[in-house]
Structures are given as structure tokens and as C-alpha cells.
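Inside the fold
If you want the building blocks of each chain, they are given just below.
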Amino acid sequence: MEKKRVFSGIQPTGQIHLGNYLGAVKNWVDSQDEYENIFCVVNSHAITTTQNPKELREKTYELAGMLLACGIDMKKSNLFIQSEIDEHPALAWVFDCNISMGEMSRMTQFKDKSLKNPKNVNVGLFNYPVLMAADILLYQADGVPVGEDQKQHLELARNIAQRFNRDFGECFKIPEPMIPKIGARVMGLDEPANKMSKSFNGANHAIFLLDTPDEIMRKFKKATTDSQNSIVFDQKRAGLYNLLNIYEIFTHKDRRKIEDEFEGKGYGVFKTMVAEVVIEALRPIREKYEKLRSQKGYIEEVLNEGANKVRPIAKATYKKAKEFVGLV
Ligand code: TRP
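Let me begin by describing the structure that accompanies this report.

Calculation criteria
Residues numbered from 1 in each chain as written. Predicted model: local features only at pLDDT ≥ 70, side-chain atom pairs only at ≥ 80, totals over all residues. Heavy atoms only, no water. Phe/Tyr/Trp six-rings, centres within 6.5 Å; stacked < 30°, edge-to-face > 60°. Helix = DSSP H or I, 4+ residues; strand = E, 2+ residues; numbered from the N terminus. Buried < 20%, exposed > 50% of the residue type's maximum accessible area, 1.4 Å probe, protein only. Contact = heavy atoms within 4.5 Å. Core = buried A, V, L, I, M, F, W, Y, C linked by side-chain atoms within 4.5 Å. Near = heavy atom within 4 Å. Polar contact = N/O pair within 3.5 Å; in protein donor to acceptor, adjacent residues only side chain to side chain. Areas by Shrake-Rupley, 256 points an atom, 1.4 Å probe, with all protein chains shown as cover. Nonpolar A, V, L, I, M, F, W, Y, C, P; charged D, E, K, R; others polar. Salt bridge = Lys/Arg side-chain N within 4 Å of Asp/Glu carboxyl O.

All right, on to the packing of aromatic side chains then. For the structure shown, the criterion picks out twelve aromatic pairs. Ring centres of phenylalanine 7 and tyrosine 139 lie 5.5 Å apart, and the angle between their planes is 15°; this geometry places the pair in the stacked category. Taken together, the residues phenylalanine 7 in strand 1 (residues 4-10) and tyrosine 139 in the loop between helix 7 (123-138) and strand 4 (143-145) connect sequence positions 132 residues apart. Per residue, the accessibility class of phenylalanine 7 equals that of tyrosine 139, and both read buried.

The next subject is the environment of tyrosine 21. Of note, tyrosine 21 is situated in helix 1 (residues 18-30). Once the C-alpha coordinates of tyrosine 21 and leucine 209 are considered, the two residues, 188 residues apart in sequence, prove to be 8.1 Å apart. For tyrosine 21, the residues in contact, after removing those within four places along its chain, are Ile16, Lys26, Cys70, Leu209, Phe250 and Ile285.

Another aspect to go through is the environment of glutamate 170. Position of glutamate 170 among the secondary structure elements: in the loop between helix 8 (151-167) and strand 5 (176-178). Overall, the relative accessible area of 58% leaves glutamate 170 in the exposed class. Spatially, the C-alpha atoms of glutamate 170 and lysine 320 are 9.4 Å apart, while their sequence positions differ by 150 residues.

We now examine the nonpolar core. Within soluble globular proteins, side chains that are nonpolar generally end up buried alongside one another. Counting residues in each nonpolar core, the largest one holds 54 residues, and the members touching the most others are Leu18, Leu67, Phe220, Ile246, Phe270 and Val278. Broken down by element, this core gets its largest block of residues, ten residues, from helix 12 (residues 267-294). Apart from residues lying up to four places away in sequence, leucine 67 is in contact with Ile10, Ile16, Val25, Trp28, Ile72 and Leu79. Grouped together as the second largest cluster of nonpolar side chains are 42 residues, Met107, Phe110, Ile136 and Leu137 included.

Surveying the vicinity of the ligand reveals the residues Phe7, Gly9, Gln11, Val42, His45, Tyr128, Met132, Asp135, Ile136, Val144 and Gln150. The side chain of aspartate 135 places a nitrogen or oxygen atom 2.7 Å from a nitrogen atom of the ligand. One of the side-chain N or O atoms of glutamine 150 is found 3.0 Å from a nitrogen atom in the ligand. For the ligand, whose accessible area on its own is 360 Å², the fraction buried by protein is 87%. Of all elements in the fold, only strand 1 and helix 7 reach the threshold of two or more residues within the shell around the ligand. Residue contributions to the shell around the ligand peak at four residues, all from helix 7. Its residues assigned to classes, the shell around the ligand shows six nonpolar, four polar and one charged.

Taken as a whole and judged by the stated rule, the model has 18 salt bridges. Across the pair glutamate 248 and arginine 255 runs a salt bridge whose closest N-O atoms are separated by 3.1 Å. Among the salt bridges present, the one from arginine 256 reaches aspartate 260, with a minimum N-O distance of 4.0 Å. In this pair, arginine 256 and aspartate 260 both sit in helix 11 (residues 255-262), four residues apart, roughly one turn of the helix. Relative accessible area serves as the criterion here: at 57%, arginine 256 is assigned to the exposed category.

If you want it as C-alpha cells, here you go:
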């Protein structure tokens, strides 16, 4: 049986943190035998907000390097940079001419983003979901893993594809949303009521995969807990629960065993033990990342190969779409 093709786009903004890793990246790594994965670093989407060019370039390679260090294996999966394949904006243009302002105006993320940053409400930001639809549809993806915030965008991509197929001819596969396997929902260490996020900037909010062991230890020691003294899995004690959850994921121990282990221990010892487990789990990732980055040109080469591998798929789809609309 043919493997399902799954397309994921990741913006090269901010650093990968523990929440991204346990909530998404680790699932991708673990699913490499099950699916034909295409991972795309969506740098063209990133310029819908103001970027420093040098930093954007740096972050693009950093993200690609991190994904490789986390275990994305180019023998099984594809990884490439969006801007290396010209068919993405080209197909987006064809879609632009077949979508109404009204439908686009209903995109809630555009409204949120433009309210947050009223000084830079550019046309690209408005058009963001169409470029995203082109990303997905160019590769005839069967599925796209989407969190809550991207559901509307995927729905738009499906509508664009269905309408195109109906009006011009069968050209695109209709992608299905893939609900991420539940498991890891990592909360901010400083405010455990909120999901760990790139956009919170408290110094102790997130553990980044490239944090040094000292930084990781410091952040865990400062993690918000409560003033009770039993260490047990209790959802109502959000800070403690989050730390226990992280410990559980990395040690694969069952909850009873973990509670036994910490019986009679104080928060100080507990936090240190959680930090140590995380430090050891992230160490090989950080070391591999540093090794990859030290080999000059290596990541660029991998990404080039990745683009060369998927380009024929994009070209074939775009050629078909062009023919259907009469551009050739
Ligand atoms: N909009 C997505 C996000 O912010 C990133 C993205 C761009 C994407 N193109 C995509 C995700 C295609 C999935 C498929 O997370």
C-alpha cells in the first residue's frame, strides 16, 4: 500500500522549544516510517511580518539544522526551503485570481495579526492563507497536521482545491486535516495556565532545545509550583502537573511509580531531578545540532537535495494547473 503523503510547514521564526518538540517535532520524527513526510521551512511566509534579512537567513538554517538534529532523516523524509521552489508563489497567483475578497476577509488569523501589528498590515499578510494553500496543494498531500490555529487555513485550501477541480478539471488532491496525536501539551514554566509558546518572553517561560544544561536547570528551579507538599499527578495543581508530565514523557515510567519515587521529597529535589532528565534527553539533540552546524555548507547541501527531490512534484502540478486555466 502506498504511504500517505503528509505536508508540514514550519515558520523559521523563534527557536524550537520543549513544547514544539514534544507537541509536534517528536511526532514527525516518530511517524517517518508510517508516512511520506514533506517538511517545508516556510521562509516566504515569515516575511509577512518584518524580518531582519540576515537573521531570517540564519534562522532558516537554524530551524532546518534543528529538525535534522531532532531526527528528521532525509532517507525517509523530505526537508526543503519554501523560497527555493518558485512554483509556490506562482500557483498562489493562480489561486488569487479565483478567490473572492469576501472569502479571504473571513480569515480570523489575518484579523488577529493585523490588530496586533497595525503598522505593517501588508498584502502578503492578507494573502498568507493562499500561499499556504499552494504549499499544500502543489504536492498533492493527503494530510496536513494542523493545530487549532491553522484549521481555518486548511479549510480554505480544501475549498480552493475543490472549486478548482470543479471549475477547471481534476488537478488537486483534497488534503485531510490530521489531528495531532494527543500526548504532549507542555505549559509555560513561569505561568502553567498557558501553553509554552514562542511569543511569551518571560526569561523562565520556555526551555529551548539549544539551552545549556545550566540554563535548563535554572529555569526548572524557578518553575512555578504551589505551596503544598505532596508530589502527585493532580491536574488542578497546574505547575506541578506540568513538571510531572514532562518527567513522565521522558522517563516512560508510569504515574504510580513516579509518585512513589517522589514520596517524601521536597520541590527542590524534585525540580532538580526533572531538570536532569530533560538535560540528558536534549543533550544528544544539541550536540548533533552543533556538529551539523560546524560542517560548513552541510545543511545548505541537505536542503538543496531536498528541494531537488520535491521540485518535480511541484512542477508537474503547476504545469497541470497552468494548462487548465489556459496559461499555456
Ligand atoms: N501557517 C502555518 C503556521 O503558522 C505554517 C505553514 C505555512 C503551513 N504553510 C503551511 C503549515 C502548509 C502546514 C501546511 O503554523
